[in-house]
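# Observations on the model geometry
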Amino acid sequence: MAPSPRDLVARFGSPLYVYDLALVRERARALKRCITYQPFQPVFAIKANSCPAVARVMVEEGFGVDAVSPGEVAIALKLGVKPDLVIYTENNMTDGEMAEAMAQGVLINCGSLDRLERLGKAGARACAVRFNPDIGDGSNEKICTGGPMSKFGVHFTQVAEVLRIERETGIQVVGCHMHIGSGFLDATAFVKAMGVLLDVARQLPHLRFVDFGGGIGIPYRPDEQPMDLDALGQKASALMAGFADRYTGIHGRERTVELHLEPGRFLVAESGTLITTVTSVKTNPDSKDGARTVKGRTYVGCDTGFNHLVRPTMYGAYHRIDNLTSGGAPLTTVDVVGNICESGDVFARDRALPMPKLGDLLALRDAGAYGMTMASAYNTRPLPAEVVIDGDDVRLARPRQTIAQLLEQYIW
Ligand SMILES: Cc1ncc(COP(=O)(O)O)c(C=O)c1O
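Bear in mind the structure is a predicted one, so any value in this text is a computation, not a measurement.

To continue, consider the overall build of the protein. Regarding its fold elements, the protein presents 12 helices and 20 strands. Rg of the C-alpha trace for the protein: 23 Å, near the compact-globule value of 22 Å for 412 residues, within the 12% margin. With respect to the three principal axes, the spread of C-alpha positions in the protein is 75 × 50 × 50 Å. Burial statistics for the protein: of 412 residues in total, 45% are counted as buried. Within the protein, counting contacts between residues at least 6 apart in sequence, those at least 24 apart form 68% of the total.

Moving on, we get to the site of the ligand. Taken together, 18 residues surround the ligand, and among them Ala45, Ser182, Gly214, Gly264 and Arg265 come closest. Among the residues forming the shell around the ligand, the class breakdown is 6 nonpolar, 8 polar and 4 charged.

Turning next to the nonpolar core. A general tendency of soluble globular proteins is for nonpolar side chains to be buried together. If you look at the biggest cluster of nonpolar residues, it comprises 114 residues, and the most contacted ones within it are Cys127, Val129, Cys176, Leu197 and Val210. At 8 residues, the largest contribution of residues to this core is made by helix 8 (residues 188-202). When residues of this core are assigned to domains, at least three map to each of domain 1 (35-263) and domain 2 (270-408). With residues near it in sequence (within four places) discarded, Val129 still touches Cys110, Leu116, Val154, Val162, Val173, Cys176 and His177.

In this section: the domain arrangement of the protein. Along its sequence, the protein is organised into domain 1 (35-263) and domain 2 (270-408). Here domain 1 and domain 2 have C-alpha centroids that lie 34 Å from each other. Of the residues lining the interface, 14 residues belong to domain 1; the matching set on domain 2 comes to 19 residues. Residues belonging to the side of domain 1 that touches domain 2 are distributed by class as follows: 8 nonpolar, 3 polar and 3 charged.

This part takes up helix 3 (residues 52-60). Within helix 3 the residues assigned to the buried category are Val54, Ala55, Val57, Met58 and Val59. After helix 3 finishes, the residue Gly62 shows a positive phi value of roughly 85°.

This part covers unusual backbone geometry. Omega for the bond connecting Ser14 with Pro15 falls within 30 degrees of zero, at 0°, which places this linkage in the cis form. Tracing the backbone through its elements, the reader meets Pro15 in the loop between helix 1 (5-12) and strand 1 (16-20). Note the cis peptide between Gln38 and Pro39, where omega equals 0°. By the secondary structure assignment, Pro39 is in the loop between helix 2 (21-34) and strand 2 (40-45). For Asn92, which is not glycine, the phi dihedral falls at a positive 60°. By the secondary structure assignment, Asn92 is in the loop between strand 4 (86-89) and helix 5 (95-104). Positive phi, close to 50°, is recorded for Thr380, a residue that is not glycine. Summarising the element assignment, Thr380 is placed in the loop between strand 18 (361-364) and strand 19 (385-390). Using a count of 9 C-beta atoms within 10 Å as the deciding quantity, one classes Thr380 as exposed.

By the element assignment, Leu79 lies in the loop between helix 4 (70-78) and strand 4. Judged by local crowding, Leu79 falls into the partly exposed class, with 17 C-beta atoms found within 10 Å. Counting along the chain gives 132 residues from Leu79 to Asp211, while the straight-line C-alpha distance between them is 22 Å. With near-sequence residues (within four places) excluded, Leu79 lies in contact with Pro52, Ala55, Arg56 and Val59.

Time to look at the pairing of strand 10 (residues 258-261). Bridging between strand 2 and strand 10 involves 3 bridges; their strand directions are parallel. Within strand 10, the residue paired with Pro42 across the bridge is Leu261. Strand direction decides the pairing type here: strand 9 (residues 209-211) and strand 10, joined by 3 bridges, are parallel. Counterpart to Phe209 in the pairing with strand 10 is Glu258.

The next point concerns the environment of Gln38. By the secondary structure assignment, Gln38 is in the loop between helix 2 and strand 2. Along the backbone, Gln38 and Thr277 are 239 residues apart, and their C-alpha atoms lie at a distance of 48 Å.

Attention shifts here to the packing of helix 4 against helix 5. Running from N to C, helix 4 and helix 5 point in directions that differ by 15°, and their axes come no closer than 11 Å. It follows that helix 4 is roughly parallel to helix 5 by the angle criterion. Helix 5 is crossed by helix 4, and the crossing has left-handed handedness. Counting all contacts with helix 4, which are made through Pro70, Val73 and Leu77, the residues of helix 5 involved are Glu97, Glu100, Ala101 and Gln104. Considered class by class, the residues forming the contact of helix 4 with helix 5 number 4 nonpolar, 1 polar and 2 charged.

Cut-offs applied
- Residues numbered from 1 in each chain as written.
- Predicted model: local features only at pLDDT ≥ 70, side-chain atom pairs only at ≥ 80, totals over all residues.
- Helix = DSSP H or I, 4+ residues; strand = E, 2+ residues; numbered from the N terminus.
- Rg over C-alpha atoms; globule rule 2.2 N^0.38 Å.
- Buried ≥ 20, exposed ≤ 12 C-beta atoms within 10 Å, placed from the backbone.
- Contact = placed C-beta atoms within 7 Å.
- Near = placed C-beta within 6 Å.
- Nonpolar A, V, L, I, M, F, W, Y, C, P; charged D, E, K, R; others polar.
- Core = buried A, V, L, I, M, F, W, Y, C linked by C-beta atoms within 7 Å.
- Domains from an automatic or database assignment.
- Pairing = 2+ DSSP bridges.
- Axes fitted to C-alpha atoms, helices over the stretch in contact; angles between N-to-C directions.
- Parallel < 35°, antiparallel > 145°, perpendicular 65-115°, else oblique.
- Left-handed = near helix turned anticlockwise from the far one by under 90°.

Here it is, written out as structure tokens:
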């Protein structure tokens, strides 16, 4: 029987990240099913959740890994992912990081012409190039990664330069990649960008794969609908099939170009919950703003903050919150706030919740993506523990950090 949140907190403490691996597995399989084009290689953007116990599910399901740093490459390799299934999507990497990735045998996905040139001159024989199709999307401008305001990728009109570097250095661009933004629920821009990317891909003679990136959103708000994944899969598959047939025509090769998709959020967001304990409840008296009366707010304070889940503060993101202890209490409009010494440490404003009381457990839902991976030790507060549930199996995946560990990092 699945343990109750109270049991989990009694065993592992609060605050606590909990991931449901069965849901991760289900999402991974849904992604594989939605694509009819073959060959298809699903890839996990491990930046969304790099907890090995979670990422291992994707590895078991045959996913490759999209890594964006030497640390993420290290996790992927330690999980046993074969280097040729690790794609290192660099942005502003150093020459040292490039040399290390080359030695590890992972495929570098170049985000600029100067990196492509240096990679070619350093003797790399194959790489991918991330293109900016001049189209961006995403649930927030901070996670829009295409278009003129984006620092990412080689502009799609610069293919001639890419071809020049191929000729001059002997490197072969085997992957044509884009990632235009994160968290979209409407695929209009994504579909348009796929078309632009495939026009680029047609001009590259050595392709092994085309990677449309990630970005599939999830319904964080109660009034949002999940994306029609099958419709998206059909569209991507049809576009890719049309491309592959013509690509064969131009280059006289078998239809072997792989399609890659590399979501993060879609695979793991809904599996994760941040459980927190209510540590303070206070209602301020009404105040005056000139002639206007400003209603006193009710603040529900928790034992976690934006150090553990930064999305609401950083992106204004919405996370559903459930009162796990007093679910039957009268609905009351409250602000749910954290324990970090910053005014911006707010999880939710004006949220109707069954009125929390001291000691209640709250669940911050859909926290499995960009939750713990974006967490910090700000205010010198240790990171929470991570626990995975897989059917009846409940396991600690990462112990709670201690203050002693934080202090040990310094030279005293
Ligand atoms: C290169 C790349 N690929 C894939 C992703 C995954 O995006 P998402 O979690 O929205 O699917 C990201 C996220 O920013 C990314 O930078």
